[in-house]
Amino acid sequence: MEDKKTNKTFDDIMTEVKKYMVREENLQLITKAYEYANEKHKNQFRKSGEPYVVHVLNVGYILATLRSQPQTIAAGLLHDVIEDCDVDVEEFKQLFGEEILTLVEGVTKIGNIKFKDEKEYQAENHRKIFIAMAKDVRVILIKLVDRLHNMRTLNFMPEEKQQRIAAETLEVYAPIAHRLGISEIKNELEDLSFMYLNREKYYEIAHLVQQRKAERDSQVKEMINEISVLLNEHHIKFRIFGRSKHLYSIYKKMVNKGKRFEEILDLLAIRIVCDSVPACYEILGYIHATYRPIPGRFKDYIAMPKVNMYQSLHTTIVADEGHIFEVQIRTEEMDEIAEQGIAAHWAYKENIHISQEKQQKEIEERLTWLKEFSIMTGEDGVSDDAKEYMNLLQKDIFEANVYVMSPKGRVIALPNGSTPIDFAYRIHTEVGHKMVGATVNGGIVPLNTVLKTGDVVSIRTSNQSPGPSEDWLKIVKSTHARNKIRSFFQKQESEKKSADIEKGKEMLNEELKKRNLDPSEYMEKNRISNVVGQLTYPTANDMYYAIASKSLSCATVIEKLMNHTPAKSLGNDDLVKMFNRQENSRKRHTSKAGVSVSGIDTMKVSLAACCNPVPGDDIVGYITKGQGVKVHRKDCPNIMHEKSRLIEVHWDENLENREYEVKLLIKSADRSFLLSDIVTVVSQNKVGLSHVDSKVNDDKVTATTKLNVIVKNAEHLRTLIANLRKINSVNSVERVIQ
Ligand code: MN
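Below is a short write-up of the structure. Since the structure is predicted, the reported quantities are computational estimates derived from the model, not experimental observations.

### Observations regarding the coordination of the manganese ion
The protein atoms donating to the manganese ion are His-55 (NE2), His-79 (NE2), Asp-80 (OD) and Asp-146 (OD), with metal-donor distances spanning 2.2 to 2.4 Å. All donors to the manganese ion come from one chain, and their sequence spacing reads H-x23-H-D-x65-D. With His-55 in helix 3 (residues 53-65) and Asp-146 in helix 8 (residues 137-152), this residue pair connects regions lying 91 residues apart in the sequence. When sorted by exposure, His-55 lands in the same class as Asp-146, which is buried.

What follows is the structure in structure tokens.
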């Protein structure tokens with residue numbers, strides 16, 4: 001067992017390293033790393049008063065006990081030089097190469113994450129950002145060992161710092177060590193954190209364990225003897241020993257399972273380690289044949305390993321005196337993996353040459369595996385359902401998400417491709433609305449910059465900000481930000497609408513005054529609502545809005561206001577004025593199409609089928625041979641070269657009840673529920689639908705949808721198109737001209 005209290009020297013490291021390395025170049029690399037670190041840290045001291053190099057020596061030593069690669073040990077010895085000493089990165093690269101530089105930089109980067117202890121959910125995010133940033137399991141391993149040594153020497157820190165570091169260790173570092181299967185490190189990190197966070201409970205449990213130790217030790221010893229005799233009779237090679245639970249796991253069981261200390265300690269634990277898998281089952285057979293197993297407690301983690309690679313047989317038996325024993329049976333290799341997890345899996349073997357590529361591939365595989373872990377909780381293996389769920393989550397979390405931080409260390413998860421705008425809206429809606437700029441890692445960036453995991457983002461706001469820009473809708477990635485920006489515009493629109501209603505009222509008022517008509521009389525409530533009904537507007541406000549947006553003229557309204565007040569007699573002057581003003585429009589001929597042709601009232605007028613004009617569009621008439629006047633949109637390519645046959649036409653003023661068919665073409669990415677989303681938007685906009693045709697294009701990823709919609713006017717159509725464009729994965733919406 002490693003002596004954790006004594007500081008290690010370089011000689012200690014070399015003794016440990018030489019147990020598994022002999023090649024001169026490896027030993028030289030480690031020596032060179034030590035000499036460099038020793039030189040660079042020479043005038044630095046730790047809080048304990050010891051030279052700084054003592055820290056990196058201990059880190060290097062623990063890595064050596066884990067049988068780490070020479071590069072990992074070198075990086076462990078050098079892990080603090082870039083951060084703490086004035087080291088030139090180029091020089092470092094010259095001396096130690098790209099690989100070690102990358103490892104050290106990775107460790108430095110993680111060390112710079114300022115975790116702010118906030119709400120509980122943050123811990124999960126902290127673990128994710130830690131893993132996502134590390135990119136290489138060796139970086140995580142060095143960082144864990146670094147933290148382990150810092151925890152062992154935490155007593156030199158001020159109380160407040162002890163609490164913060166212990167909490168972070170328990171929430172971020174220990175779970176990661178667990179997921180890597182390194183239970184040695186995990187258990188020690190947990191116990192050390194436990195001691196600093198809850199000294200009283202820690203010493204209480206330690207005391208109770210100590211009190212019962214002698215008694216328990218003798219019970220375990222007796223059982224070990226019995227089993228040894230049994231197995232020796234069958235000539236099986238094995239090691240057997242008692243195990244003690246670490247203090248934090250006892251505490252956790254007491255709290256989580258509501259058990260008393262005695263109940264937990266009632267279980268005595270024994271481990272048997274042998275040299276082959278068949279031997280494991282053989283041993284199990286003899287034990288079950290001799291002692292009564294407790295039903296439901298047998299677990300075969302050899303046939304079905306836990307996800308962190310843990311393998312072992314577990315059984316619980318009752319001995320003669322009624323003592324209950326938990327027995328674990330496993331091979332030497334399984335035992336190593338159980339204690340050192342991924343570190344054991346990667347134990348450096350000098351004589352087995354692994355190519356750089358293969359190694360990298362393995363690292364990547366391990367990382368994928370690690371990523372799967374970081375989203376899992378629970379001690380036991382996972383069911384198929386859980387696996388499925390895990391895969392989806394993994395996609396969500398690691399492929400689809402980036403983790404960025406506020407300058408204060410709050411971790412924010414955003415969909416991949418997110419920008420500072422998404423970040424701002426996630427912080428607070430007002431921060432988004434008032435955003436005028438952003439800095440990422442200290443530098444000013446454009447708002448459409450794509451954020452990367454680990455970026456520190458800060459948002460500049462101003463009360464003078466005019467609010468979000470419509471372009472932001474094209475930039476943002478998160479639904480959250482998109483919704484907030486949209487509702488900003490919707491609010492603005494409804495404010496504009498109420499302003500327009502006031503404006504419409506005012507216009508009518510002015511127009512009445514111009515005609516010497518008394519607004520208070522003509523705009524009397526009942527009179528107005530009568531006219532609103534005749535013009536088929538739902539409310540008076542809708543009518544005022546129509547006036548302001550010029551789709552209804554004051555003249556039309558005034559005419560109605562006058563016509564439908566038979567009780568009131570009009571002055572002659574009023575009538576004359578009105579007639580004069582109405583003269584022009586009376587001369588025009590109103591056709592079925594709702595279009596008047598200046599000066600001609602005998603010709604048939606119809607709407608062109610190629611460009612389907614609707615009221616509000618700029619239009620022009622085309623005099624056909626024998627089919628009267630066809631009305632086209634001014635921008636219709638079909639009449640561009642026919643200047644001599646074109647004639648001026650106008651929309652009629654009162655087209656409220658008419659409907660027009662328009663053809664639309666929607667281009668989008670193909671996805672499920674696309675069509676149903678389109679149809680929903682159409683109906684939400686109170687637009688009729690006469691034809692739908694949607695197909696997936698030959699490329700299999702895009703889709704084309706043809707819609708024939710029935711709208712009232714250009715404004716109605718514009719709103720519809722704008723809303724169709726907002727549908728997720730829709731790329732374009734165009735009116736079709738045939
Ligand atoms: Mn360090």
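### Points about the sheet that holds strand 15 (residues 629-633)
In space, the 4 strands of this open sheet follow the order 13-15-14-16, with mixed pairing throughout. Each end of this open sheet is capped by a strand with a single partner; those strands are strand 13 (605-607) and strand 16 (646-647).

### Remarks on the packing of aromatic side chains
Applying the stated criterion across every chain yields a total of 12 aromatic pairs. With centroids separated by 5.3 Å and ring planes inclined at 75 degrees, the aromatic side chains of Tyr-36 and Phe-96 adopt a geometry described as edge-to-face. Residue Tyr-36 is located in helix 2 (residues 24-40), and its partner Phe-96 is located in helix 6 (residues 89-111); the two are separated by 60 residues in the primary sequence. With respect to class, Tyr-36 is no different from Phe-96; both count as buried. Relative to Tyr-202, the ring of Phe-194 lies with its centre 5.6 Å away and its plane at 70 degrees, an arrangement referred to as edge-to-face. Phe-194 gets classed as buried once you look at its relative accessible area, which sits at 2%. Given a relative accessible area of 15%, Tyr-202 falls into the buried group. Linked through ring pairs, Phe-194, Tyr-202, Tyr-203, Tyr-248 and Tyr-251 together constitute an aromatic cluster. The side chain of Arg-527 reaches across the aromatic face of Tyr-522, ending 4.2 Å from its centre.

### What to know about the sheet that holds strand 10 (residues 443-445)
Spatial strand order, 10-9-11: 3 strands in an open sheet with antiparallel pairing. The open sheet has two free edges, formed respectively by strand 10 and strand 11 (457-461), since each of these has just one partner strand. Averaged over all neighbouring strand pairs, the angle between strand axes comes to 35 degrees, with direction disregarded. In this sheet, strand 10 lies alongside strand 9 (residues 435-440) in antiparallel orientation, the contact comprising 3 bridges. Bridge assignment links Ala-438 to a residue of strand 10, and that residue is Val-445.

### Some remarks on the nonpolar core
Ile-30, Ile-73, Leu-78, Val-81, Phe-92, Ile-100 and Leu-144 are the most contacted members of the largest nonpolar core, which has 83 residues in total. Here this core gets 9 residues from one element, more than from any other, and that element is helix 8. With near-sequence residues (within four places) excluded, Ile-73 lies in contact with Val-17, Tyr-20, Met-21, Ile-30, Gly-60, Leu-63, Ala-64 and Ser-68. Counting 33 residues, the second largest nonpolar core, distinct from the first, contains Leu-655, Val-662, Leu-664 and Ala-714.

### Considerations on the pattern of salt bridges
Applying the stated criterion to the full structure yields 33 salt bridges. Salt-bridge contacts for Glu-326 lead to Arg-297; the nearest nitrogen and oxygen are separated by 3.5 Å. With Glu-326 in strand 6 (residues 324-331) and Arg-297 in the loop between strand 3 (292-293) and strand 4 (299-300), this pair connects stretches of sequence that are 29 residues apart. One salt bridge connects Asp-471 with Lys-474, and the closest N-O pair in it is separated by 3.9 Å. Judged by its relative accessible area of 44%, Asp-471 falls in the partly exposed class. Lys-474 gets classed as exposed once you look at its relative accessible area, which sits at 72%. Beyond isolated ion pairs, a larger network of salt bridges with shared partners links Arg-239, Arg-271, Arg-330, Glu-332, Asp-335 and Glu-339.

What counts, and where the lines are drawn
Residues numbered from 1 in each chain as written. Predicted model: local features only at pLDDT ≥ 70, side-chain atom pairs only at ≥ 80, totals over all residues. Heavy atoms only, no water. Donors = N, O, S within 2.8 Å, 3.2 Å for Na, K, Ca; no water. Helix = DSSP H or I, 4+ residues; strand = E, 2+ residues; numbered from the N terminus. Buried < 20%, exposed > 50% of the residue type's maximum accessible area, 1.4 Å probe, protein only. Pairing = 2+ DSSP bridges. Phe/Tyr/Trp six-rings, centres within 6.5 Å; stacked < 30°, edge-to-face > 60°. Lys NZ or Arg CZ within 6 Å of the ring centre and 35° of its normal. Axes fitted to C-alpha atoms, helices over the stretch in contact; angles between N-to-C directions. Core = buried A, V, L, I, M, F, W, Y, C linked by side-chain atoms within 4.5 Å. Contact = heavy atoms within 4.5 Å. Salt bridge = Lys/Arg side-chain N within 4 Å of Asp/Glu carboxyl O.

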